[in-house]
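Below are the chains, spelled out letter by letter.
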Amino acid sequence: MQEQLREDAEGAILFDAAASPQVDADWFVPERWRERGALRTQAGGRGGVQLIATPAGECVLRHYRRGGMVAALMGDRYLWRGADATRCFAEFRLLAEIARLGLPGPVPVAARYRRSGLFYRADLITRRIADAQTLAECLAAGQLDAELAREVGALVARFHRAGIWHADLNAHNVLVTAAALHLIDFDRGRLRAPAEGWRLANLERLHRSLLKLGAAAQGEAAFRTVVWTPLLDAYEATFGA
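Described below are features of the structure shown in this document. Since this is a predicted model, take the numbers as computed values, not measurements. (Residues numbered from 1 in each chain as written. Predicted model: local features only at pLDDT ≥ 70, side-chain atom pairs only at ≥ 80, totals over all residues. Heavy atoms only, no water.)

## Comments concerning the environment of valine 107
Stage number 1. In this structure, valine 107 sits in the loop between helix 3 (87-100) and strand 7 (108-116).
Stage number 2. Distance in space between the C-alpha atoms of valine 107 and isoleucine 129 is 8.9 Å, their sequence separation being 22 residues.
Stage number 3. The contacts of valine 107, once residues within four sequence positions are left out, are Thr126 and Arg127. (Helix = DSSP H or I, 4+ residues; strand = E, 2+ residues; numbered from the N terminus. Contact = heavy atoms within 4.5 Å.)

This is how it looks when you write it as structure tokens:
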């Protein structure tokens with residue numbers, strides 16, 4: 001990672017010069033990639049994400065948007081509290097640390113904010129994780145068995161052991177490939193001293209997500225036996241290793 005900052009009248013771009021020595025504002029404009037025949041859109045997240053074929057390889061372009069009731073009022077605007085506090089710069093740097101630690105997360109390529117008075121808008125570009133399904137998709141396809149549940153538990157434990165807190169740990173933010181599992185979407189995530197309270201709260205969030213998506217359709221007992229107990233067992237074994 002060779003972090004480089006480029007500032008202009010509208011805001012700033014933070015990028016990995018090792019991935020691409022030249023990153024400009026056009027990288028964050030989907031229409032520019034469309035004009036080059038290098039844009040593909042896919043669902044996921046608020047408003048979906050853009051898949052772009054960049055000089056640094058195939059990447060994911062995500063525009064930050066608010067959720068919940070505040071979205072109607074603020075849309076994609078965030079309160080300005082300084083460049084280092086922007087959602088995009090904070091996530092870029094957390095992802096860089098995740099990569100440095102050798103953990104399986106999205107690799108950051110570039111981040112940009114554009115400031116307007118008291119507010120800013122933001123974007124993030126990460127390398128695409130190819131040939132992946134979300135854990136939610138695996139569940140819907142009937143592929144969430146005890147083996148996969150154990151892999152998920154071990155994955156989460158590795159991040160927790162390193163002090164990586166995920167603000168929205170759910171089945172949509174676990175990616176499954178033939179080679180490995182990954183955690184994605186670290187918006188608002190941060191480094192924390194490992195503590196039982198936030199670790200258990202993170203796991204409970206994942207538990208609620210799985211139930212909401214129908215993981216207990218065959219009954220609570222079956223869910224505990226086939227999914228949740230193997231997941232927790234692998235989590236504890238990995239965290240304590």
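## What about helix 3?
Stage number 1. Along its 14 residues, helix 3 runs 20 Å from first to last C-alpha, staying within 8% of the 20 Å computed at 1.5 Å per residue.
Stage number 2. Among all positions of helix 3, only Cys88, Phe89, Glu91, Phe92, Leu94, Leu95, Ala96 and Ile98 are buried.
Stage number 3. Within two residues after helix 3, glycine 102 carries a phi angle of roughly 80 degrees, on the positive side. (Expected span 1.5 Å × (residues − 1). Buried < 20%, exposed > 50% of the residue type's maximum accessible area, 1.4 Å probe, protein only.)

## Comments concerning the nonpolar core
Stage number 1. If you look at the biggest cluster of nonpolar residues, it comprises 46 residues, and the most contacted ones within it are Val152 and Leu210.
Stage number 2. Of all the elements, helix 5 (residues 146-161) adds the most residues to this core, at 7 residues. (Core = buried A, V, L, I, M, F, W, Y, C linked by side-chain atoms within 4.5 Å.)

## Some details on the packing of aromatic side chains
Stage number 1. In the structure shown here, the tally under the stated rule is 8 aromatic pairs.
Stage number 2. Plain terms: the ring middles of tryptophan 80 and tyrosine 120 are 6.1 Å apart, the flat faces sit at 80 degrees to each other, and that makes the pair edge-to-face. Highlighted residues: tryptophan 80 in the loop between strand 6 (78-79) and helix 3 and tyrosine 120 in strand 8 (residues 119-127), separated in sequence by 40 residues.
Stage number 3. For the ring pair phenylalanine 159 and phenylalanine 186, a centre distance of 5.7 Å and an interplane angle of 25 degrees mean the geometry is stacked. Taken together, the residues span a long stretch of sequence, with phenylalanine 159 in helix 5 and phenylalanine 186 in the loop between strand 12 (181-183) and strand 13 (190-191) at a distance of 27 residues.
Stage number 4. Residue classification places phenylalanine 159 among the buried positions, given a relative accessible area of 1%.
Stage number 5. The structure contains a cluster of three or more aromatic residues connected by ring pairs, namely Tyr78, Trp80, Phe89, Tyr113 and Tyr120.
Stage number 6. One cation-aromatic arrangement involves arginine 36 over tryptophan 33; the distance from NZ or CZ to the ring centre is 4.7 Å.
Stage number 7. Geometry around tryptophan 165 places arginine 192 over its ring, the cationic atom sitting 5.3 Å from the centre. (Phe/Tyr/Trp six-rings, centres within 6.5 Å; stacked < 30°, edge-to-face > 60°. Lys NZ or Arg CZ within 6 Å of the ring centre and 35° of its normal.)

## Observations regarding the side chain of threonine 238
Stage number 1. With respect to the element layout, threonine 238 can be found in helix 7 (residues 220-239).
Stage number 2. The class for threonine 238 is buried, based on a relative accessible area of 18%.
Stage number 3. The contact partners of threonine 238, leaving out residues within four places of it in the chain, are Ala154, Ala157, Arg158 and Arg161.

## Looking at the pairing of strand 1 (residues 3-7)
Stage number 1. In terms of strand pairing, strand 1 meets strand 2 (residues 11-16) through 5 bridges, oriented antiparallel. Counterpart to glutamate 7 in the pairing with strand 2 is alanine 12.
Stage number 2. Where strand 1 folds back on strand 2, the antiparallel hairpin that results is connected by 3 residues. (Pairing = 2+ DSSP bridges.)

## Brief notes about helix 5
Stage number 1. Over its 16 residues, helix 5 runs 22 Å from end to end, which matches the ideal 22 Å to within 8%, given 1.5 Å per residue.
Stage number 2. Among the residues making up helix 5, those that are buried are Leu148, Ala149, Val152, Gly153, Leu155, Val156, Ala157, Phe159 and His160.
Stage number 3. Glycine 163 sits one or two residues past helix 5 and shows a positive phi near 80 degrees.

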